[in-house]
Amino acid sequence: MAAPVTEHRGIPAVRRIPPGIRTPAAIALGVLLLADALRVFLPSLITLYGRAGDTPPEQMGMFAALWFVLPFAAVPVARLTGARPIQVCGAVVLVAARLGLQAADGGDLQVYVSATGVCAGLVFLYGTARTAAREAVPVGVAAGLAISTVAHLMLDRMDLVWRDGPLPWLAVVAICAAFLAFVRLSPPSDDLAPAAVWFLVGPVLLIAGMTSGVTAFPGGMSEQHSAEFGVVAMVLHVVVLCWGVVIARTAQWGWWTAILLIATSAWTLEPSSPLSFATPLALGACLRFSACAATPPGRPPRGGVALLGGMVVFLVATFLYYAAYDTNLGFPNMVIPIAVAVLVAGTSAKVSWRRPLLPVVWPYRKWLPTALILGLITGLFTWHPVPGQREAAQPEFTLITYNIRMGFGLKGTLDLDRIADWARAQHPDVVLLSEVDRGWLLNGGHDDLARIAGGLGMRYYFAPAADPLWGDALLTNLPVKEITSHALGRHDYPTGAQAQAIVLTVGGKEVGIVNSHLQAPPGQAPEVAQIVWNLGRQNGTARPVLLAGDLNTTPDDPEMRVLSAAGLTDPLLALGNPPTSPADDPVKRIDHVLLTPGLRAVEARVPRVPFSDHLPIVVRLRLT
């Protein structure tokens, strides 16, 4: 039987909530705050601690693992103090870390405060695993993931931690206060959730985080109009996740759920996949099934250790998947989510299928229509209309090319709005971006392109390179006559690259643009040179062409001679040859705007702005 609930004075609003709701609410808000910390910690590892590749990957991996291993120290401590003090202590430190992240302004402080938040969040969940009733866990975990994703969308994919001003502070303080109140008044239970459901928290967090990003692009993602209703799709994604918890009432569904999850895990990482809603449904059902596993009598509770083990799986799988873009692992990284899906399915399959499932959440099925309506309302409030095209009166245009490093500036803060504000002040007609992230879990799940384009009021065209969510982009409101993306050879380099070939109309004349981020210049430079040559002579007509982007090539490298042979010249040589990398102390120019005959640079400059580890190039071009 559950222990009697002790009422406390001073928290009347929470006290009026039924005891059966308080524990799921505490878990949900704990998962929400943990997700906030992870969205800062993971990119900070790359941009701050990793110094954009300067830190050895082994050292970076050990540093990350430290904060996922430290919570195991709670295991012996809990034997002395009990689980309740561990739970409360973890909750208090998690709240302190979340408030600290709101006050931090990048730098090393951001790294260590976010790491402390992740560690404290795991300690809180460990303590909760030793006290929470089994029916509270799947509901709380699914609700926490749902609230986190919907809040992320409502904020236009810019979390509160990256926002200044009193309103974000008020929202964060309110969330933290509610979390502590629910933790304080959560009743302990004798019917603890089994280890299986707690182990699944980490793997479910991984798969849900990876698949919710591509769900935002139900019709593809190459052009802006394709993602107009992506917000609605993502809200429905989390609704289906919760619905999987609700409708999993018959054990006979168990094997079908496991098979569905394994079969769809690979395809749901592709935008416009028809199976994009099958995976969250299966994840929710697996959480529900695993909560019904019988606990052998006399065995000490193991849910806390299982939770910590599952989060280690989350860390290892995350790093393996994204490390494949910098290191040849010997196998495709698509194996990682499939393997994690097999692990989730296998864990939930351990349930005794003859045991009837707990119908605790079934009465809440009537909330599903309300959730769907809320999803549509969320989509309407966050939807942005597509800007219209406009003609250029003169055969001149201003172009910006910028490697934005997924939007993270020199201090490690997410500077998407600052990038948009700065770029808008330059009055550009065309903006070319490299290292554009549209939802990588590793970088916090932000859509860099939609955010920057919204700030500029421009249409955008995305060209995937490394995978469907990472690549290059062109933003413009000039008429686009044609646009294609050409995959470049890898040449033994793990990160993929592409060349985006565009034909624009400027002042009644056509101009070709090739936008690329070369990863293996010795092999890819000849390929790009051929694309430039073809674009300048397409359909039997001659047109001027420019090649721009982070070419990872200096003016003195042999690859530049290959590009010169294609008729390209470097106008910045005559304008001072300003360096572009690294941004804090530039010593070399690897970002370029190269021109064929028919184009002339009227003005060119390299502003010193701190929004990436590269500096942008701003050039005013005239068609001659």
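Definitions and cut-offs
Residues numbered from 1 in each chain as written. Predicted model: local features only at pLDDT ≥ 70, side-chain atom pairs only at ≥ 80, totals over all residues. Heavy atoms only, no water. Salt bridge = Lys/Arg side-chain N within 4 Å of Asp/Glu carboxyl O. Helix = DSSP H or I, 4+ residues; strand = E, 2+ residues; numbered from the N terminus. Buried < 20%, exposed > 50% of the residue type's maximum accessible area, 1.4 Å probe, protein only. Axes fitted to C-alpha atoms, helices over the stretch in contact; angles between N-to-C directions. Contact = heavy atoms within 4.5 Å. Nonpolar A, V, L, I, M, F, W, Y, C, P; charged D, E, K, R; others polar. Expected span 1.5 Å × (residues − 1). Phe/Tyr/Trp six-rings, centres within 6.5 Å; stacked < 30°, edge-to-face > 60°. Lys NZ or Arg CZ within 6 Å of the ring centre and 35° of its normal. Pairing = 2+ DSSP bridges. Polar contact = N/O pair within 3.5 Å; in protein donor to acceptor, adjacent residues only side chain to side chain. Core = buried A, V, L, I, M, F, W, Y, C linked by side-chain atoms within 4.5 Å. Disulfide = S-S within 2.5 Å. Patch = residues over 30% accessible without salt bridge, like charges linked within 9 Å, V, L, I, M, F, W, Y side chains within 5 Å. Areas by Shrake-Rupley, 256 points an atom, 1.4 Å probe, with all protein chains shown as cover.

Colleague: Could you give an account of the pattern of salt bridges, with specific residues and numbers?
Modeller: Tallied over the full model, the rule gives 18 salt bridges. Here Arg 622 and Glu 396 are joined by a salt bridge, their closest N and O atoms 2.3 Å apart. Residue Arg 622 is located in strand 11 (residues 617–623), and its partner Glu 396 is located in strand 1 (residues 396–403); the two are separated by 226 residues in the primary sequence. Close ionic contact of Glu 510 with Arg 543 constitutes a salt bridge, the shortest N to O distance being 2.8 Å. Here Arg 543 lies in the loop between helix 19 (521–536) and strand 8 (545–550) and Glu 510 lies in strand 7 (residues 509–516), a separation of 33 residues in the sequence. Judged by its relative accessible area of 8%, Arg 543 falls in the buried class. Among the charged side chains, a network of salt bridges with common partners joins Arg 390, Glu 396, Asp 429, Arg 620 and Arg 622.

Colleague: Give a description of the packing of helix 3 (residues 57–69) against helix 6 (residues 107–129) that names residues and reports values.
Modeller: Two numbers describe how helix 3 lies on helix 6: the axes approach to 8 Å, and their chain directions differ by 35 degrees. Along the contact surface, helix 3 presents Phe 63, Trp 67 and Phe 68, while helix 6 presents Val 111, Tyr 112, Ala 115, Thr 116, Val 118, Cys 119 and Leu 122. Grouping the constituent residues of the contact of helix 3 with helix 6 by class yields 9 nonpolar, 1 polar and no charged.

Colleague: Account for helix 7 (residues 136–154), with residues named and values stated.
Modeller: Here helix 7 spans 26 Å end to end across 19 residues, near enough to the 27 Å set by a 1.5 Å rise per residue. Immediately beyond the C-terminal end of helix 7, within one or two residues, lies Asp 156, with a positive phi of roughly 60 degrees.

Colleague: An account of the packing of aromatic side chains is requested, with residue identities and associated values reported.
Modeller: Under the counting rule described, the total for this entry stands at 12 aromatic pairs. For the ring pair Trp 162 and Phe 408, a centre distance of 6.1 Å and an interplane angle of 75 degrees mean the geometry is edge-to-face. In this pair, Trp 162 sits in the loop between helix 7 and helix 8 (166–185) while Phe 408 sits in the loop between strand 1 and helix 17 (416–425), placing the two residues 246 residues apart along the sequence. Where Trp 440 meets Trp 470, the ring centres are 5.9 Å apart and the plane angle is 20 degrees; that geometry is what we call stacked. Within this pair, whereas Trp 440 is found in the loop between strand 2 (430–437) and helix 18 (448–456), its partner Trp 470 is found in strand 4 (residues 470–476), the two being separated by 30 residues in sequence. Classification of Trp 440 as buried rests on a relative accessible area of 7%. Feature note: the residues Tyr 321, Tyr 322, Tyr 325, Trp 440 and Trp 470 constitute an aromatic cluster, connected by ring pairs. Here the guanidinium or amino end of Arg 438 rests over the ring plane of Phe 462, the centre of that ring lying 5.2 Å away. In this structure, Arg 537 packs its charged tip against the face of Trp 533, placed 3.8 Å from the ring centre.

Colleague: I'd like a description of the pairing of strand 7, backed by residues and values.
Modeller: Counting buried positions over the 8 residues of strand 7 gives 6, a clear majority of the element. Pairing between strand 6 (residues 498–506) and strand 7: 8 bridges, direction antiparallel. When the bridges of strand 7 are listed, Ile 502 appears paired with Ile 513. Adjacent in sequence and paired antiparallel, strand 6 and strand 7 are bridged by 2 residues, among which Gly 507 carries a positive phi angle near 60 degrees.

Colleague: Talk me through the side chain of Asp 36; I want residue IDs and the actual numbers.
Modeller: Mapped onto the elements, Asp 36 comes out in helix 2 (residues 19–49). Among the polar contacts listed, one links the side chain of Asp 36 to the side chain of Arg 98, at a separation of 3.2 Å.

Colleague: Requested: an account of the sheet that holds strand 3 (residues 459–467), with residues and values cited.
Modeller: Ordered in space as 3-4-2-1-11-10, the 6 strands form an open sheet in which the pairing is mixed. Two strands lie at the open edges of the sheet, namely strand 3 and strand 10 (599–605), each paired on one side alone. When strand polarity is set aside, the average angle formed by the axes of neighbouring strands in this sheet is 20 degrees. As defined by bridge partners, strand 1 adjoins strand 2 across 5 bridges and the pair is classed as parallel. Note on strand 2: the bridge partner recorded for Asn 403 is Ser 434.

Colleague: Could you give an account of the sheet that holds strand 8, naming the residues involved and the relevant values?
Modeller: Read across the open sheet, the 5 strands follow the order 5-6-7-8-9; overall the sheet is mixed. Edge positions in the sheet fall to strand 5 (480–487) and strand 9 (591–595), since each of these pairs with one other strand and no more. Within the sheet, the average angular offset between the axes of one strand and its neighbour, ignoring direction, is 15 degrees. With 7 bridges joining them, strand 5 and strand 6 adopt antiparallel strand pairing. Across the sheet, Ser 485 pairs through a bridge with Gln 500, a residue of strand 6. Each of strand 5, strand 6, strand 7 and strand 8 touches helix 19; the most contacted strand, strand 7, lies at about 165 degrees to it.

Colleague: Please give an account of the nonpolar core that cites residues and values.
Modeller: Ranked by size, the top nonpolar core spans 119 residues in total, and within it Phe 41, Trp 198 and Leu 475 carry the most contacts. The leading source of residues in this core is helix 2, at 16 residues. Once residues lying within four places of it in the same chain are set aside, the contact partners of Phe 41 are Phe 63, Ala 64, Trp 67, Phe 68, Val 111, Ser 114, Ala 115 and Val 118. Counting 29 residues, the second largest nonpolar core, distinct from the first, contains Phe 397, Leu 474, Ala 604 and Leu 623.

Colleague: Hey, could you go over the state of the cysteines for me, with residue numbers and the actual values?
Modeller: Enumeration over the complete set of coordinates arrives at 0 disulfides. In this model Cys 89 remains outside any disulfide bridge; the closest cysteine sulfur is found in Cys 119, 10.0 Å from its own. The class of Cys 89 is partly exposed, set by a relative accessible area of 46%.

Colleague: Hey, could you go over unusual backbone geometry for me, with residue numbers and the actual values?
Modeller: Along the chain, Ser 581 connects to Pro 582 via a cis peptide bond; the corresponding omega equals -10 degrees. Non-glycine residue His 427 carries a positive phi angle of around 55 degrees. Mapped onto the fold, His 427 is located in the loop between helix 17 and strand 2. Within the chain, His 491 stands out as a residue other than glycine whose phi angle is a positive 55 degrees. By the secondary structure assignment, His 491 is in the loop between strand 5 and strand 6. What makes His 491 partly exposed here is its relative accessible area of 42%.

Colleague: Go over the environment of Arg 418 with me, naming the residues and quoting the values.
Modeller: Assignment of secondary structure puts Arg 418 in helix 17. Arg 418 sits in the partly exposed class, given a relative accessible area of 34%. Considered as a pair, Arg 418 and Gly 407 are 11 residues apart in the sequence and their alpha carbons are 9.3 Å apart. Every residue in contact with Arg 418, bar those within four places of it in the chain, is listed here: Asp 164, Thr 413 and Phe 611. A polar atom in the side chain of Arg 418 sits 2.6 Å from the side chain of Asp 415.

Colleague: Please provide a residue-by-residue account of a nonpolar patch on the surface, values included.
Modeller: Taken together, the side chains of Val 88, Val 92 and Leu 180 make up a nonpolar region of the molecular surface, amounting to roughly 200 Å² of accessible area. The topology assignment puts Val 92 in helix 5 (residues 83–103).

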